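Observations on the model geometry
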Amino acid sequence: MINKSWGVAQFANKANGILNYKGLNAEGQPTFSFPYLDATNQIPLTSTFSNSVDETSRWRIQLGVRYRFNQ
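Keep in mind the model is a prediction, meaning the values are calculated, not measured. (Residues numbered from 1 in each chain as written. Predicted model: local features only at pLDDT ≥ 70, side-chain atom pairs only at ≥ 80, totals over all residues. Heavy atoms only, no water.)

1. A look at the packing of aromatic side chains
Pairs of aromatic rings are described using the distance from one ring centre to the other and the angle between the two planes. The final tally for this structure, using the stated rule, is two aromatic pairs. Judged by centre distance (5.7 Å) and plane angle (65°), the rings of Tyr 21 and Phe 32 are edge-to-face. Of this pair, Tyr 21 sits in strand β2 (residues 20-24) while Phe 32 sits in strand β3 (residues 30-33), and the two are eleven residues apart along the sequence. The class of Tyr 21 is exposed, set by a relative accessible area of 52%. (Phe/Tyr/Trp six-rings, centres within 6.5 Å; stacked < 30°, edge-to-face > 60°. Helix = DSSP H or I, 4+ residues; strand = E, 2+ residues; numbered from the N terminus. Buried < 20%, exposed > 50% of the residue type's maximum accessible area, 1.4 Å probe, protein only.)

2. A short note on the pairing of β2
Where β2 meets β3, four bridges bridge the pair, whose relative direction is antiparallel. Note that in β3 the partner of Gly 23 across the bridge is Thr 31. Between β2 and β3, which pair antiparallel one after the other, the connecting turn spans five residues, and Gly 28 there sits at a positive phi close to 85°. (Pairing = 2+ DSSP bridges.)

3. Concerning a nonpolar patch on the surface
Taken together, the side chains of Ile 18, Leu 19, Tyr 21, Leu 24, Phe 32 and Phe 34 present a nonpolar region at the surface, about 720 Å² in accessible area. Tracing the sequence through the fold places Leu 19 in the loop between β1 (10-12) and β2. Looking at Leu 19, the relative accessible area reads 41%, which means it is partly exposed. (Patch = residues over 30% accessible without salt bridge, like charges linked within 9 Å, V, L, I, M, F, W, Y side chains within 5 Å. Areas by Shrake-Rupley, 256 points an atom, 1.4 Å probe, with all protein chains shown as cover. Salt bridge = Lys/Arg side-chain N within 4 Å of Asp/Glu carboxyl O.)

4. Description of the side chain of Ser 33
In this structure, Ser 33 sits in strand β3. The exposure class assigned to Ser 33 is buried, which follows from its relative accessible area of 18%.

5. Remarks on the environment of Phe 32
Take Phe 32: its relative accessible area is 48%, and that puts it in the partly exposed class. The spacing of Phe 32 and Lys 22 is ten residues in sequence and 5.2 Å in space, taken between C-alpha atoms. Filtering out sequence-adjacent residues up to four positions away, Phe 32 remains in contact with Leu 19, Asn 20, Tyr 21 and Lys 22. (Contact = heavy atoms within 4.5 Å.)

Rendered as structure tokens:
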């Protein structure tokens, strides 16, 4: 039986980190925000990795032929 998850390359969702620095509040304390998957609708990022859809997640095969002269 073959598992469909085998060979699937994954990449980190946010390269800039888990928290985004927003600045200092009125009391001088730093404020941070979590990254959103969709910032306009404020859908939170729930997964650390996403599946890659580029060429690294495709099956490949390599065939070779050998011919020997004057054995």
